[in-house]
Amino acid sequence: MFTKSKLVIAVASACAFAGVAHADVVVKLGQVSPMSGQIAHLGKDNEAGAKLAIEDANAKKIKIGGQVVTFELVSEDDAADPKTATVVAQKLVDAGVKGVVGHLNSGTSIPASKIYNDAGIPQISPSATNPKYTLQGFKTTFRVVANDVQQGGAMGKFATQELKAKTVAIIDDRTAYGQGLADEVEKAVKATGGKVVAREYGTDKTTDWMAILTSVKAKKPDVVLYGGMDATAGPLLQQMKRLGINAGFVVGDGACTPAMIQLAGDGMSKNAYCTEAGVPRDQMPKGKDFEKRFKAKFGMDIQIYAPYEYDAMTAIITAMQAANSTDPKVYLPKLAAIKMNGVTGPIQFDAKGDIKGGAVTVKQFDGKGWNDVKVVR
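Each value, and the rule that gives it
Residues numbered from 1 in each chain as written. Predicted model: local features only at pLDDT ≥ 70, side-chain atom pairs only at ≥ 80, totals over all residues. Heavy atoms only, no water. Pairing = 2+ DSSP bridges. Helix = DSSP H or I, 4+ residues; strand = E, 2+ residues; numbered from the N terminus. Axes fitted to C-alpha atoms, helices over the stretch in contact; angles between N-to-C directions. Contact = heavy atoms within 4.5 Å. Phe/Tyr/Trp six-rings, centres within 6.5 Å; stacked < 30°, edge-to-face > 60°. Buried < 20%, exposed > 50% of the residue type's maximum accessible area, 1.4 Å probe, protein only.

Some remarks on the pairing of strand β1 (residues 25-33)
The side chains of a regular strand alternate, first on one face of the sheet and then on the other.
Here is step 1: Both β1 and strand β3 (residues 67-77) contribute to a ladder of nine bridges, which runs parallel. Residue Val27 lies in a different strand from β3, and its bridge partner there is Phe71.
Here is step 2: Note that β1 and strand β4 (residues 100-101) share two bridges and pair parallel. Each bridged residue has a counterpart across the sheet, and for Gly30 the counterpart in β4 is Val100.

Okay, here's the thing in structure tokens:
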């Protein structure tokens, strides 16, 4: 028979056990980008976008399956290297993550995607643009930016139609991103009546372009188009000036950054243009607010992809809420069918996992920074 004191203890114990039963559930979500190497500034930009998304989600005390969920970010560095990408992808799978945002580069996203697919873990890249990424038939693979068919087309058409180029030289860094973009640029140039007088390439580590540019100079192109990241594009543009190549310069979103301007130095001029997958930040529905909060939180300016990283992470969490489950098998169909209004705009995927209505923004260097010229859809 219970005495009053024993009854109190029993009730307290029952409540304590109930508290344990309903304690917060920790759900791990992965993020992979290059946090070391030549484009670490872009990787850290991505990671910061993921951190902000996790912080915002946790502040809402989201309940899934009747329990409050605490999301934990597991961040990995792939150093923009395809082999490292597969290693860290397996590491995330072994760590039990329930979804992954990344990788930044097409060359790392593509090999890693098979590992996530085999494990049944959804992957959303905020920045990989090579078409092959979503053409593998994987149901777990998504992206929130326009692909290279759209961006390369925009670059090529802009060179021939807006800059009136009759002859162009195309250079790339031989990565899945750079070469893939350059291939689409070449198709668009030829389709719009332009002539490709040179097709050259380096690597994603090349900073001495003098030999290649000497060859290009002899061809006298009206415009030079480059597929690659800012770490290689900056030296390329600076060396174009040194050799007296006065052609227009158009580069893809991998170099549409503040760092590109710094690296190119006095090579920058109003003849320099870049394209960025997505719309200008001031045209993003929540872009200005995001930019303000991002700067206040991290003390740095957005490079490129942080808003897309934020939307990708938020999409995974939103799909979990819709499915009332953090199990990838359960929430994956909700992710595939998602209709979400993100920082960057509407987030909705087609049957391959590509973003619907992907846009490309063309920008011009105005003497201080990249200034929006036009949006192509």
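Read on, since the account is not over.
Digging into the sheet that holds strand β11 (residues 272-277)
Here is step 1: One open sheet accounts for seven strands, arranged β8-β7-β9-β10-β11-β14-β15; its pairing is mixed. Edge positions in the sheet fall to β8 (195-201) and β15 (370-376), since each has one partner strand and no second. With strand direction ignored, the average angle separating the axes of adjacent strands in the sheet is 20°.
Here is step 2: As paired strands, strand β9 (residues 223-227) and strand β10 (residues 248-251) are joined by four bridges and run parallel to one another. Within β10, the residue paired with Tyr226 across the bridge is Val251.
Here is step 3: In this fold helix α5 (residues 148-162) packs onto β9, β10, β11, β14 (360-365) and β15, with an angle of close to 150° to the strand it touches most, β11.
Here is step 4: Those strands touched by helix α8 (residues 230-242) are β7 (167-172), β9, β10 and β11, and its axis lies near 175° from that of β10.

Here's the deal with the packing of aromatic side chains
Here is step 1: Within the structure shown, the criterion is met by seven aromatic pairs.
Here is step 2: Summarising the aromatic geometry, the rings of Phe290 and Tyr310 are spaced 5.2 Å apart at their centres and angled 70° between planes, so their arrangement reads as edge-to-face. Of this pair, Phe290 sits in helix α10 (residues 287-298) while Tyr310 sits in helix α11 (residues 306-323); the two residues are 20 residues apart in sequence, bridging distant segments of the chain.
Here is step 3: Judged by relative accessible area, Phe290 falls into the buried class, the value being 1%.
Here is step 4: The class for Tyr310 is buried, based on a relative accessible area of 11%.

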